[in-house]
Amino acid sequence: MLKKKWLALIPAVMLVAVQLPYQTADAASENEAIQLSKSEIPPGYEAILNWPPEEQPIVKQGSQSFEAEFIQVMLNHFGLETGVDGVFGPHTNEKVRQLQAVNGLVPDGIVGVDTWTILLDEYEAGLFTVESAVAYAEAALDNDDLVFSSNGVLHEDSDGSVFYSLKAQSQDFIDDGGTGTVRFYDVYQNGDVVESEPR
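Residues numbered from 1 in each chain as written. Predicted model: local features only at pLDDT ≥ 70, side-chain atom pairs only at ≥ 80, totals over all residues. Heavy atoms only, no water.

## Looking at the pairing of strand 6 (residues 193–196)
Then, in step 1: As paired strands, strand 5 (residues 181–188) and strand 6 are joined by 4 bridges and run antiparallel to one another. Residue Tyr185 lies in a different strand from strand 6, and its bridge partner there is Glu195. (Pairing = 2+ DSSP bridges. Helix = DSSP H or I, 4+ residues; strand = E, 2+ residues; numbered from the N terminus.)

Okay, structure coming up:
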């Protein structure tokens, strides 16, 4: 019953990635920067995040489920177009194999732990927005004078953790006619806020 209820909540939404102030000319070409696809992942699948990859069901051709629909949505997000109907047919199977091959997995068309890891990591990253990074920074730094901005580029560190680079400006300094820039912070998906250099 729960799965059927979730299915009714899922729209197919298209949205371009956020671009906010202070973007530099070479920011988009930075090696560590990863832009989210123009096809933003629609909300409504958060329930799947309640289980880690190793506890997700194995999904393959012939499956018909909420999980199969989530897989189809994610395939479209990755640019591997397929219908979204919750039925894991031959076309979905072909697209899963392509996703697996691109990511160095055995292209068997079976969505097991490794394929689930790719899908869930990407979905979680899609839920991590600039707005949530700003909220983390505001809570961690607890300074009403600071205002934050970002160029909207999602970065990835050497450990695979994703973060946004935020510029912190003093509203008082801005009101006095200055740029107001006081510091830069890297804000991670898990809520960590780390002082950093401009990016």
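Read on, since the account is not over.
## A few points about the nonpolar core
Then, in step 1: Ranked by internal contacts, the top residues of the largest apolar core, which has 19 residues, are Val59, Phe70, Ile71, Val111, Trp116 and Leu119.
Then, in step 2: Looking at this core, the element that brings in the most residues is helix 2 (residues 66–77), giving 7 residues.
Then, in step 3: What Val111 contacts, discounting residues up to four positions off in sequence, is Pro57, Ile58, Val59, Ile71, Phe88, Val96, Trp116 and Leu119.
Then, in step 4: Counting 15 residues, the second-largest nonpolar core is a separate cluster that includes Leu146, Val162, Tyr185 and Val187. (Core = buried A, V, L, I, M, F, W, Y, C linked by side-chain atoms within 4.5 Å. Buried < 20%, exposed > 50% of the residue type's maximum accessible area, 1.4 Å probe, protein only. Contact = heavy atoms within 4.5 Å.)

## Examining the side chain of Thr82
Then, in step 1: Looking at the element boundaries, Thr82 is found in the loop between helix 2 and helix 3 (90–102).
Then, in step 2: Of the residues examined, Thr82 reaches a relative accessible area of 10% and is grouped as buried.
Then, in step 3: Excluding anything up to four places from it in sequence, Thr82 contacts Gln72, Leu75, Asn76, His91, Thr92 and Lys95.

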